[in-house]
Amino acid sequence: MTEPLLRLDDVRATLRLRGGEQTLLDGVSLTIGEGESLGLVGESGSGKSLTTRAITRMLDPAFRVTGEIAFDGASVLSMNPAALRRYRSRDVGMIFQDPRAHVNPVHRVGDFLTESLVRDRGVDRREAERRAVVLLDEVGVRNPEQRLRQYPHELSGGLLQRVMIASVLLAEPRLILADEPTTALDVTAQSDVMAILEEQRRARGLALLFITHDLELAAACCDRLAVMYAGQIVEQGEHVYEAPSHPYTIELLGARPSIDERVDRLPVLRYDRATHELLKAEAS
Amino acid sequence: MSLAPYLLRRLGGLLLVLLVTSFIVFGLLYLAPGSPLAFILGPRGGTPEQIAAVTEQYHLDDPFLLRYVAWLGDLLRGDLGYSIVYRQDVSALISSRVGTTLALVSMAAIIIALVGIAAGTFAALRGGWGDQLTSTLAAVGLSTPSFVVGVALISVFAVGLGWFPTFGSGTGGVDTLYHLVLPAVALSVASAAYLARITRAAVLEEGGREHVQTATARGLAPGHIVRHHVLRNSLIPIVTVLGLTIATLIAGAVVVENVFALDGLGSLLVRAILQRDFAVVQAVILVLVVAFVVVNAIVDVLYTFIDPRITLGSRQ
Ligand SMILES: Nc1ncnc2c1ncn2[C@@H]1O[C@H](COP(=O)(O)OP(=O)(O)O)[C@@H](O)[C@H]1O
Ligand SMILES: [Mg+2]
């Protein structure tokens, strides 16, 4: 079997506290092949964001991380600072949930887009701006030249998220980590941004780890799904959506509102920590 | 708002502040116990000529408001009055001393900016013992009055080591700058300590922002991230404090100029108060107020360059 692009093997992230330890990632294993997309779903607090942070080695120093994280065969956890920067700069691209908070408000959009190219790739500013304009155009931003001169607060959330996507594509990574990229946007912008991300990713053959709590969205645009609960991946594969086997996934799928039924609040799941621990004990 | 109307508005504000200040400064003379005449001439009284001269200069025979208007009119024509102690025009007195104070305050401002920002950044980024050390030094610096620092500097570096002159403003040019080193240090210690604290807090806060994570996730060099994202964004609180500090330095110069016997506006003010040279007191206070307001206006304009989300006039 050939080595996948990204492989997480029994990754544990433990937070050292005064009163003991708290294991927030509890043996996460997953793989993403070149050009493949994996949807990571799970309720809020289940450890999805921590997983992306572990992959880029950006967890708070208070965490102890064990297990194996390999990108194209190279162990991420044992990279030296220079190799780590290179890996973050060229191999993986992060798209965050809230573009407003994740783009520095005091620099122009153009500076944000060209920063990496100019700083780390030795591309001269003109050329970097030319590439940025091309990419902005491709992700559906109109008047790209003018946008480069604007400040982030002058752009809408949806537009800024497109800028974020363009900034990631500019670096030409092999893997994109998208952590709820549409959650902070308003409904109309959500589907647009998602469509653009998916279209660009496919056109370039990039691998994607797509994080969301929207199981249907993940099922619609990802090759495979992984379902996370309490820091563990309870189930993953190609047919999770059509044929779920884990009780949590089954309940998650059963709980989704039907199309003609308006919901005012999210349904309460019966699956809880106690059930989870019980099932774990039975399995082992 | 663009720059020209903004400056016009600020100028209007400045004139208003000056009007109010001038009224207060002028009125102070009449709030002082006893008659203005007795206050100005002191307990010994004066010769009939002096009484006549003072009565004439302060328009003491006119009603209060009329006198104020007359004085204001003189001010507008650039006539700051006549010093009864120095027997000289107040404007001449001030213009011969304003340079010393300006140099002193500028030098102190540079020291405060360099030391405060460097120490605060160091404390925030280094953490551990570096943070402890800087915070302790800042606490000491913040709680030591400038005249104590001044006296200590004189006894160590001027009297003890003989590296610097003990007093005076020197003979101009480089010599004056040399004479101003110790006074400027004395004037800056407390403010530099305060700025270090503010910088430390700002760098810690800005360093924890999400966009800094973005920069890290993009593999940018740590030094670049600190300069372009952390320090750059910390400039807003830093410039605020620096602006306020420079404005208060103008008042702080009064003490330091006296400790080091510099012939600046501060020492002139103190002597004028002691000698009841009221025309000088009024004029110096007005000059200080103008400087204060101008510094604040400059800070406001700077904001718009530092933070694009702030437009001119939106922050009042
Ligand atoms: N720096 C941290 N310190 C302590 N706890 C954390 C930290 N980051 C995340 N957590 C905890 O880890 C759990 C998983 O967080 P996260 O990965 O952000 O969840 P999500 O699946 O919603 O993205 C949460 O319970 C959260 O409170
Ligand atoms: Mg999250």
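Residues numbered from 1 in each chain as written. Chains lettered and ligands numbered in written order. Predicted model: local features only at pLDDT ≥ 70, side-chain atom pairs only at ≥ 80, totals over all residues. Heavy atoms only, no water.

**Examining the overall build of chain A**
Broken down by element type, chain A carries 11 helices and 10 strands. For chain A, the spread of C-alpha atoms along the three principal axes comes to 60 × 50 × 45 Å. Residues classed as buried in chain A amount to 50% of the 284 residues present. For chain A, the accessible surface area stands at approximately 13,800 Å², while carbon and sulfur atoms represent 48% of it. With 35 positive and 43 negative side-chain charges, chain A shows a separation of 7 Å between the mean positions of the two kinds. (Helix = DSSP H or I, 4+ residues; strand = E, 2+ residues; numbered from the N terminus. Buried < 20%, exposed > 50% of the residue type's maximum accessible area, 1.4 Å probe, protein only. Areas by Shrake-Rupley, 256 points an atom, 1.4 Å probe, with all protein chains shown as cover. Lys, Arg positive; Asp, Glu negative; His and termini not counted. Charge placed at Lys NZ, Arg CZ, Asp CG, Glu CD.)

**Thoughts on the sheet that holds strand 7 (residues 175-179) of chain A**
Residue and element names in this part refer to chain A. With mixed pairing, six strands are arranged side by side in an open sheet as 6-7-8-3-9-10. Looking at strand neighbours, the two that pair on one side only are strand 6 (92-95) and strand 10 (232-237), the edges of this open sheet. Strand-to-strand twist of the sheet, defined as the mean angle between neighbouring strand axes without regard to direction, takes the value 15°. By the bridge criterion, five bridges tie strand 9 (residues 224-229) to strand 10 in an arrangement that is antiparallel. Each bridged residue has a counterpart across the sheet, and for Tyr229 the counterpart in strand 10 is Gln232. Against the sheet, helix 2 (residues 81-91) makes contact with strand 6 and strand 7, and its axis sits at roughly 65° relative to strand 6, the strand it touches most. Packed on one face of the sheet, helix 8 (residues 187-204) meets strand 3 (37-42), strand 6, strand 7 and strand 8 (207-212) and runs near 160° to strand 8. (Pairing = 2+ DSSP bridges. Axes fitted to C-alpha atoms, helices over the stretch in contact; angles between N-to-C directions. Contact = heavy atoms within 4.5 Å.)

**Topic: helix 9 (residues 210-217) of chain B**
Looking only at helix 9 of chain B, the buried set comprises His211, Val212, Thr214, Ala215 and Ala217 of chain B. Buried residues belonging to helix 9 of chain B abut helix 2, strand 6, helix 3 (99-102) and helix 4 (109-120) of chain A together with helix 8 (174-207) and helix 10 (222-259) of chain B. After helix 9 of chain B finishes, the residue Gly219 of chain B shows a positive phi value of roughly 75°.

**Observations regarding empty space enclosed by the protein**
For the structure shown, the criterion picks out two cavities of 30 Å³ or more. Of the pockets and cavities examined, the largest cavity occupies roughly 150 Å³. As for the largest cavity, its lining consists of 16 residues, and the residues nearest its centre are Gly93, Ser167, Val168 and Ala171 of chain A together with Arg218 of chain B. Of all elements in the fold, only helix 2, strand 6, helix 4 and helix 7 (157-170) of chain A together with helix 9 of chain B reach the threshold of two or more residues within the lining of the largest cavity. Class assignment of the residues belonging to the lining of the largest cavity gives a composition of nine nonpolar, five polar and two charged. (1 Å grid on protein atoms, 1.4 Å probe; cavity = no way out; pocket = protein on both sides within 12 Å on 5 of 7 lines; lining within 4 Å. Points joined across faces, edges and corners; volume = space filled by probe spheres on them. Nonpolar A, V, L, I, M, F, W, Y, C, P; charged D, E, K, R; others polar.)

**A word on the nonpolar core**
Leu6, Leu113 and Leu175 of chain A are the most contacted members of the largest nonpolar core, which totals 86 residues. With nine residues, the single largest contributor to this core is helix 7 of chain A. Judged by nonpolar contacts, the second largest core, of 27 residues, contains Met107, Ala109, Ile154 and Phe260 of chain B. (Core = buried A, V, L, I, M, F, W, Y, C linked by side-chain atoms within 4.5 Å.)

**Side note on the sheet that holds strand 1 (residues 6-17) of chain A**
One key point about sheets: their strands pair by backbone hydrogen bonds, in either a parallel or an antiparallel sense. All names here are of chain A. Here we have four strands laid out as an open sheet, ordered 2-1-4-5, and antiparallel in their pairing. Edge positions in the open sheet fall to strand 2 (20-32) and strand 5 (74-75), since each of these has one partner strand only. Sheet topology places strand 1 next to strand 2; 10 bridges connect them, and they run antiparallel. Of the residues in strand 2, the one forming a bridge with Leu17 is Gly20. Those strands touched by helix 1 (residues 48-55) are strand 1, strand 2 and strand 4 (63-71), and its axis lies near 70° from that of strand 2.

**Notes on the pattern of salt bridges**
Close approach of charged atoms allows side chains of opposite charge to pair. For the coordinates displayed, the defined rule picks out 26 salt bridges over all chains. Ionic pairing is found between Arg149 of chain A and Glu129 of chain A, a salt bridge with its closest N-O pair at 3.4 Å. On the criterion of sequence distance, the pair formed by Arg149 of chain A in the loop between helix 6 (144-148) and helix 7 and Glu129 of chain A in helix 5 (residues 125-138) is long-range, its members being 20 residues apart. A relative accessible area of 19% places Glu129 of chain A in the buried class. When the shortest N-O distance is used, the salt bridge between Arg209 of chain B and Glu205 of chain B registers 3.1 Å. (Salt bridge = Lys/Arg side-chain N within 4 Å of Asp/Glu carboxyl O.)

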